[in-house]
Amino acid sequence: MYIRFRRTVHPIEFLKKHAKPHVIVGHYDPLDHQDEHGIGPVTYRIALGIVMNTLDLAGECTDMIDPEACTLNLMFELGEDAAKVCRLVRATPAKALADSASRAEFFYDQSVFERLRPLRDARMAAIRAAYERDEPVEFVPRTVSPEEPEPGPIADDWGNRGHATIMGRFPLGNAGR
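These remarks concern the structure in this document. (Residues numbered from 1 in each chain as written. Predicted model: local features only at pLDDT ≥ 70, side-chain atom pairs only at ≥ 80, totals over all residues. Heavy atoms only, no water.)

## Let's talk about the packing of aromatic side chains
Scanning all chains against the criterion turns up one aromatic pair. Note on Phe 106 and Tyr 108: the rings are 5.7 Å apart at their centroids and 45 degrees apart in plane angle, and the pair reads as tilted. Classification of Phe 106 by relative accessible area gives buried; the value is 5%. (Phe/Tyr/Trp six-rings, centres within 6.5 Å; stacked < 30°, edge-to-face > 60°. Buried < 20%, exposed > 50% of the residue type's maximum accessible area, 1.4 Å probe, protein only.)

## Structural notes on helix 4 (residues 110-132)
An ideal rise of 1.5 Å per residue puts 33 Å on 23 residues; helix 4 measures up with 31 Å between its terminal C-alpha atoms. Most pronounced at Leu 116, the bend in helix 4 amounts to some 30 degrees, and the proline Pro 118 follows within four residues. Listed in full, the buried residues belonging to helix 4 are Val 112, Phe 113, Leu 116, Arg 120, Arg 123, Met 124, Ile 127, Ala 130 and Tyr 131. At the exit of helix 4 stands Asp 134, carrying a positive phi of roughly 60 degrees. (Helix = DSSP H or I, 4+ residues; strand = E, 2+ residues; numbered from the N terminus. Expected span 1.5 Å × (residues − 1). Bend = angle between axes of the 7 residues up to and from the residue.)

## Digging into the sheet that holds strand 3 (residues 22-27)
Spatially, the six strands line up as an open sheet ordered 2-4-5-3-7-6, and their pairing is mixed. The open sheet has two edge strands, strand 2 (7-8) and strand 6 (92-94), and neither has a second partner. As defined by bridge partners, strand 4 (residues 60-66) adjoins strand 5 (residues 71-76) across six bridges and the pair is classed as antiparallel. Across the sheet, residue Thr 62 finds its bridge partner in strand 5, namely Met 75. Sheet strands touched by helix 3 (residues 79-89): strand 3, strand 5 and strand 7 (102-107). Its angle to strand 3, the strand with the most contacts, is close to 20 degrees. (Pairing = 2+ DSSP bridges. Contact = heavy atoms within 4.5 Å. Axes fitted to C-alpha atoms, helices over the stretch in contact; angles between N-to-C directions.)

## Regarding the nonpolar core
Nonpolar side chains tend toward joint burial in soluble globular proteins. Counting 26 residues, the largest nonpolar core has Ile 24, Leu 48, Met 52, Leu 74, Phe 76, Val 85 and Tyr 108 as its most contacted members. Among the secondary structure elements, those contributing two or more residues to this core are helix 2 (43-52), strand 5, helix 3, strand 7 and helix 4. Beyond its immediate stretch of four places on either side in the chain, Leu 48 contacts Leu 72, Leu 74, Leu 88, Val 89, Tyr 108 and Leu 116. With eight residues, the next largest nonpolar core counts Ile 3, Ile 50, Met 124 and Ala 130 among its residues. (Core = buried A, V, L, I, M, F, W, Y, C linked by side-chain atoms within 4.5 Å.)

## A look at the side chain of Glu 60
Position of Glu 60 among the secondary structure elements: in strand 4. A distance of 2.7 Å separates polar atoms of two side chains, one belonging to Glu 60 and the other to Lys 17. (Polar contact = N/O pair within 3.5 Å; in protein donor to acceptor, adjacent residues only side chain to side chain.)

## Quick word on the environment of Gly 59
Its location among the elements puts Gly 59 in the loop between helix 2 and strand 4. For the pair Gly 59 and Glu 80, spaced 21 residues apart in sequence, the C-alpha to C-alpha distance is 8.9 Å. Discounting chain neighbours no more than four positions away, the residues touching Gly 59 are Arg 7, Glu 77, Leu 78 and Asp 81.

## Observations concerning the pattern of salt bridges
One pass over the full model with this rule turns up six salt bridges. The residue Asp 121 makes a salt bridge to Arg 120 at a minimum N-O spacing of 2.9 Å. By relative accessible area, Asp 121 is classed as partly exposed at 34%. In this structure Arg 120 comes out as buried when scored by relative accessible area, which is 11%. (Salt bridge = Lys/Arg side-chain N within 4 Å of Asp/Glu carboxyl O.)

Encoded structure:
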């Protein structure tokens with residue numbers, strides 16, 4: 001089983017390469033933005049990332065959280081990729097700023113998370129099932145062509161950046177790096 005990831009690039013590197021990205025801004029209430037497991041406020045971001053990995057995004061993308069403004073900023077190289085994510089989160093078009101090719105906004109609340117949760121759970125169940133069947137599992141970044149070089153560190157379905165380390169068939173968390 002190949003587990004593909006969107007082509008995530010570090011925000012600074014992304015903005016060096018793509019001066020006018022397609023931007024989707026997710027506004028959230030920090031009081032509502034709770035982790036379902038009680039370990040931190042990142043569940044919403046990770047759930048969205050896992051589901052974005054299933055969308056077959058062709059270009060590079062990145063994301064940044066601005067905790068002071070309570071926003072999750074998603075940036076895409078390609079307008080088609082931004083449109084797929086807009087449909088997923090039901091974002092509405094907004095006026096593009098001077099530094100963006102297009103812009104959309106959504107409110108990332110519990111209802112959006114509840115729509116994403118079954119998609120996230122299905123992807124995670126498929127990965128676990130492959131491990132349980134002892135299938136070879138390979139984590140690979142999505143590329144446009146085989147000749148294209150790897151775009152840099154990838155973000156896995158658990159929100160970790162960097163190359164996947166697999167030991168005993170299970171990816172290691174930060175403690176294993």
